[in-house]
Amino acid sequence: MFGLFTKKKTNECPIDNEMRLWMENSFLWLATQFGHDNIATKPMLHPTPEHFPITYDGSKESMLKTAEIIARQMEIDFTEVNLEIFEQNIQEISGDFGHRIWTEVDKDSDEKLAAGLYFDKNEQGKYDILIEKKNLNDPENLVATLAHEFSHIKILGEERLDYNDEQLTDLTPVIFGLGIFNANSAHKEWKSFDSYGHNSAGYLKQREWGYALALYAHFRKEENPEWLKYLTVNLKSDVKLSLDFIYANTDKVFMEEYNGGS
């Protein structure tokens, strides 16, 4: 009777089994591509002045300084990147690279607004990446958007795949130690005096982000990660539920193959 409300670890995974298998197999594929030891030992970046000693004033300079830090973390030669700013409501930008780029999102995409856009190398041999102006006033979103677009460089630009996989691109910042930012930015709540709602970004759902970060902790042998304190309350709960599942099922996690949902 006295143990009626005692919490127990669960064998139930917070995400569906097909997604779990895809994520575990994708994580291992990324780890193989970028080095198991590298991912296990690379310092994780936190949303602190220590890791981002930048004054965020909405300027392009603050964006470029942020991008340099992320490029170094993701092992990208920043001199090969051309960063520009666009405004979603304008839908057009004239950049320094000599031609216009229309920022309309691919008509076949489910994404309605683009926080950032990636283009392959231009005639000058640089990757063109555009960041939506509103991100410059939100450091967390800025880091997350840059990390996602830089992930296109790691996957497409470095020719690890010859097709675009946005979910895999979402997962890539996690293995480079930037998962806090992308996970927190994926589902943000907002409130006013008479209403509330949420904004979503990226392609993974909140619980899937929780599982991705739990896999990252498990891969690095972090049973009670210190960085959990930087996550939103709901996301922190999702990570803990995922860790409970992972450590109750170590014979399954990273051990089963994904068959593509067939």
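Refer to the structure presented above.
The model shown is predicted, which means the values in this text are computed figures rather than measured ones.

Student: Describe the nonpolar core, with residues and values.
Tutor: Met23, Ile70, Phe150, Tyr211, Leu213 and Trp227 are the most contacted members of the largest nonpolar core, which has 67 residues in total. Ranked by residues supplied to this core, first place goes to helix α7 (residues 206–219) with nine residues. Those residues within four positions of Met23 in sequence are excluded, and the remaining contacts are Leu171, Leu204, Glu208, Tyr211, Ala212 and Leu215.

Student: Mind laying out the packing of aromatic side chains, listing which residues take part and the relevant values?
Tutor: Considering all chains together, one arrives at eight aromatic pairs under this definition. Among the aromatic residues, those joined into a ring-pair cluster are Phe27, Phe219 and Phe254.

Student: Give a detailed account of the side chain of Thr145, specifying residues and quantitative values.
Tutor: The residue Thr145 is located in helix α4 (residues 139–157) in this model. Ignoring any residue separated from it by four or fewer positions in sequence, one finds Thr145 in contact with Ala115, Gly116, Ile131 and Asn135.

Student: Describe helix α8 (residues 233–248), listing the residues and the values that go with them.
Tutor: The first and last C-alpha atoms of α8 sit 23 Å apart over 16 residues, in line with the 22 Å expected at 1.5 Å per residue. Within α8 the residues assigned to the buried category are Leu235, Asp238, Val239, Ser242, Leu243, Phe245 and Ile246. The buried residues of α8 occupy an angular sector of 160° when projected down its axis, which confines them to one face.

Calculation notes
Residues numbered from 1 in each chain as written. Predicted model: local features only at pLDDT ≥ 70, side-chain atom pairs only at ≥ 80, totals over all residues. Heavy atoms only, no water. Core = buried A, V, L, I, M, F, W, Y, C linked by side-chain atoms within 4.5 Å. Buried < 20%, exposed > 50% of the residue type's maximum accessible area, 1.4 Å probe, protein only. Helix = DSSP H or I, 4+ residues; strand = E, 2+ residues; numbered from the N terminus. Contact = heavy atoms within 4.5 Å. Phe/Tyr/Trp six-rings, centres within 6.5 Å; stacked < 30°, edge-to-face > 60°. Expected span 1.5 Å × (residues − 1). Arc of directions from axis to C-beta.

Keep in mind that these numbers describe shape and distance, not what the molecule does.
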